Structure formats: structure tokens, C-alpha cells
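Coordinate analysis (summary)
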Amino acid sequence: MPDAPKIPRHVAIIMDGNGRWANQRGLPRLRGHEEGAESVRAVIRACRDYGVRYLTLYAFSVENWVRPQSEIRGLMSLLRKFLAEREHELHENHVRLRVIGRMEDLPLPIQHSLKRVIKATAAYDQGELILALSYGGRAEITHAVQAIAREVKAGLLAPKAIDEQTIAAHLYAPDIPDPDLLIRTSGEMRISNFLLWQISYTELYITEVLWPDFREAELAKAIEAYGRRKRRFGDTKERDV
Ligand code: IPE
Ligand code: IPE
Ligand code: MG
């Protein structure tokens, strides 16, 4: 009997290439983001069908704030639309919404709707959709270090008691397991400040396909590739006798 296909428990995606998709067609970048939002829908659904429990989507980085205001406004309005149109699916499927990132940087009405949906879905246990918004891996680690320093200053923690678990416990979503598979679309061979702490042993899958073209069939390829990987975590499984 062949082994059952291995399904990653946690998939994280750097959804890149919307602008290039639009450029190639002589369209404004925002059209690429709109088409990218359709990929978000398709991939959320396909991940659910595969039984992927945690899906983290890098939707907006701390570095993305330097983009033109018109593009930022367009992205924020797509986010608002996504929440309005997709919330019912979270309820129907009992999927919990989470946000990692500097949520306080987002426009207030978006913060309010995010907080409302996060609260309304908090008890669901059939899966988690984690949106990385105004997210930066270094910002996340810096935020954790500040919180740890406050505990040390208050006498609640001894510096020598700080270990990897302490740091992990102060990240934005400490209960979520590290990603098993990290997908990046549009071919760039970089991490762009995403989940720096959490991806130390994550399997990487980088495809030339641009995010607006990344749908069920492309996700299937990524999951198949993951299934063929041998994860060793530094261990050869050989032991001294
Ligand atoms: C990814 O697409 C979406 C965000 C970063 C918000 P880009 O907008 O980065 O598209 P490219 O990389 O310019 O093609
Ligand atoms: C990474 O894409 C961030 C998101 C997908 C939200 P970018 O387009 O911002 O990254 P770089 O500029 O290619 O590194
Ligand atoms: Mg990009």
C-alpha cells in the first residue's frame, strides 16, 4: 500500500506577483490585486478540502506602507470587501479568523471589522485562517523582546530563564504551530520579512506562477511536492550503539 499523501497541517503563503500580472496585461496594478483576491477565495476553499488546518496569508507587510496611497487604499478596500463577503463562510465552516501584525496601523473601520469577526469566530475549531496584515517578522520579534524585557524588569522572569519557548510564547499567535509548507508565488527567491522565527524548518515551495494565476491546480502541485519532501530536522536517524 502506498503511503497516504502527506497533507501539511499549516500552510503559509507569500502571495506575490499581483502587480506583474496586471502589468503583463497593460492593466492598473489594482486589477491584479482584485484578481489576487479571487485566488485567495479559491485557495482558502481548496485548503479546507485538503484538510489543511492552519492557513496563513501574507496580505500586507510593514514595508508595503511606502507604496502609493492609491494602491494602499485599493488594497484596504479589497480587505474590507473580503471580510464582508467571506465572513459567512467562516461561520458555515467553523473556521477561526486570526490576524498577525501591527493591526493598530490599519484604518480604524478595518480594525473594527477585523476585531468583530475575530471575536465572533474565536470559539470555532475546524480550522484557522490567519491574515498577516502590516506584518513584519522583525517587528514581531522586536515586539516579543519588549514584552519579555517588561517581565524581567517587573521581576517576573530571570534573564537566564529565557529560552526558545519564552520567545515563541511572546509572538503574535503563540499557539499556532510553525508552518510545514511555505509557498511563494512569482518566483522571487526571498522571504521578505515573513515569519522569520517560525520558518526555521519549514519546507519552501517557490513557483514562477503569479498569485492571480495560483488556483486549485497550483496548490495541488505544491501539496504534492510537499508530500515528496523528506523532513530531517537535522537528524540522520543514525545513532551510536
Ligand atoms: C503582492 O503583489 C501583493 C502585495 C504585496 C500587497 P505585488 O503588489 O507585490 O505584485 P508585484 O510583486 O509588484 O508583481
Ligand atoms: C511580500 O511581497 C509581501 C506580501 C506578499 C504581502 P512584496 O512584493 O512586498 O516583497 P518584495 O518587495 O518583492 O520583497
Ligand atoms: Mg511583490
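Just so you know, the residues in each chain are numbered from 1, in the order the chain's sequence is written. Ligands are numbered from 1 and chains lettered from A, in the order in which they are written. Residue-level local features of this predicted model are given only where pLDDT is at least 70; pairs of side-chain atoms are given and counted only at 80 or more, and the full residue set underlies all totals for whole chains, interfaces and linings. By convention in this description, side-chain values take in all heavy atoms of the structure and omit both hydrogens and water.

1. Overview of the site of ligand 2
By convention in these notes, a residue is near a molecule or strand provided one of its non-hydrogen atoms lies within 4 Å of it. As a structural note, the neighbourhood of ligand 2 is formed by Ile 14, Met 15, Asp 16, Tyr 58, Ala 59, Phe 60, Ser 61, Asn 64, Arg 67, Arg 184, Arg 190 and Ser 192. Pairs of N or O atoms within 3.5 Å make up the polar contacts considered here, provided that, within protein, one atom can donate a hydrogen while the other can accept it, and that residues adjacent in sequence are counted only when both atoms are side-chain atoms. Within the side chain of Asn 64, a nitrogen or oxygen atom sits 2.9 Å from an oxygen atom of ligand 2. Here an oxygen atom of ligand 2 and a side-chain polar atom of Arg 184 are 3.3 Å apart. Class assignment of the residues belonging to the shell around ligand 2 gives a composition of 5 nonpolar, 3 polar and 4 charged. When residue character is reported, Ala, Val, Leu, Ile, Met, Phe, Trp, Tyr, Cys and Pro are called nonpolar, Asp, Glu, Lys and Arg charged, and the others, Gly included, polar.

2. Things to note about the packing of helix α2 (residues 29-50) against helix α3 (residues 69-93)
Taken N-terminus to C-terminus, the directions of α2 and α3 make an angle of 20°; their axes are 10 Å apart at the nearest point. Classed by the angle they form, the pair α2 and α3 counts as roughly parallel. α3 is crossed by α2, and the crossing has right-handed handedness. Judged by residue contacts, Arg 29, Leu 30, His 33, Glu 34, Val 40, Arg 41, Ile 44, Arg 45 and Arg 48 of α2 engage Glu 71, Gly 74, Leu 75, Leu 78, Phe 82, Arg 86, Glu 89 and Asn 93 from α3. Taken together, the residues of the contact of α2 with α3 break down into 6 nonpolar, 3 polar and 8 charged. Every axis in this analysis is a line fitted to C-alpha atoms, fitted for helices over the stretch in contact. Angles between the N-to-C directions lie between 0 and 180 degrees. Labels follow the DSSP assignment, with helices taken as runs of H or I lasting at least four residues and strands as runs of E lasting at least two, numbered in each case from the N terminus. Roughly parallel means an angle under 35 degrees; roughly antiparallel, over 145; roughly perpendicular, 65 to 115; everything else is oblique. If you view the pair so one helix is near and one far, a crossing is left-handed when the near helix is turned anticlockwise from the far one by less than a right angle, and right-handed when it is turned clockwise. The contact rule is simple, with two residues in contact once any of their heavy atoms fall within 4.5 Å.

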